[in-house]
Amino acid sequence: MARVRFLGPEPVTVPELGSRAINPDQIVEIPDDRFDGYVCQNGTWAAVEEPAQWRGEQGPETVAFGATVPATAAPKKTASKSAAKEG
């Protein structure tokens, strides 16, 4: 569920929210798929929390990997700092 804040100057009844009375500066939860319909009315509603899919909360993304390739270690440097100064 997304959340929006009502910015109007006096209470309103919102039929889409079960005809609830919404007071000024009140934060309400709305269905994610209706988020755009509220925040496009920027003089009346302000976004508080975006829909879950925008926040990446729909669970882990499925990723397919090909055959694994063995990791190769990087070569270690054998010369010390003092040996590098001498040469």
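Please refer to the structure higher up on the page.
Note that the structure is a prediction, hence the values are computed from the model and not measured.

### With respect to the pattern of salt bridges
Tallied over the entire structure, the rule returns three salt bridges. Among the ionic pairs, Arg 3 bridges to Glu 49, the shortest N-O distance being 3.8 Å. In this pair, Arg 3 sits in strand S1 (residues 2-6) while Glu 49 sits in strand S5 (residues 45-49), placing the two residues 46 residues apart along the sequence. Residue classification places Arg 3 among the partly exposed positions, given a relative accessible area of 29%. When its relative accessible area of 28% is taken as the criterion, Glu 49 is described as partly exposed. Asp 25 is the partner of Arg 5 in a salt bridge, and the nearest nitrogen-oxygen pair spans 3.3 Å. Within this pair, whereas Arg 5 is found in strand S1, its partner Asp 25 is found in the loop between strand S3 (20-22) and strand S4 (27-30), the two being separated by 20 residues in sequence.

### Quick word on the sheet that holds S4
Pairing is antiparallel across the open sheet formed by three strands, whose spatial order is S4-S1-S5. Two strands in the sheet have a free side with no partner beyond their single neighbour: S4 and S5. Averaged over neighbouring strand pairs, the angle between their axes works out to 35 degrees when direction is ignored.

Conventions we followed
By convention here, each chain's residues receive numbers from 1 onward along its written sequence. Predicted model: local features are reported for residues with pLDDT of at least 70 only, side-chain atom pairs are reported and counted for 80 or more only, and whole-chain, interface and lining totals are derived from all residues. Working from all heavy atoms in the structure, the side-chain values ignore hydrogens and water. Whenever a carboxyl oxygen of Asp or Glu lies within 4 Å of a side-chain nitrogen of Lys or Arg, that contact is scored as a salt bridge. The helix and strand labels rest on DSSP assignments: H or I over at least four residues marks a helix, E over at least two residues marks a strand, and numbering proceeds from the N terminus. Relative accessibility decides the category of a residue: with a 1.4 Å probe and only protein chains considered, values under 20% of the type maximum give buried, values over 50% give exposed, and everything between is partly exposed. When DSSP finds at least two bridges between two strands, those strands are taken to pair. Fitted lines through C-alpha atoms give the axes, limited to the stretch in contact for helices. The angle between two N-to-C directions lies from 0 to 180 degrees.

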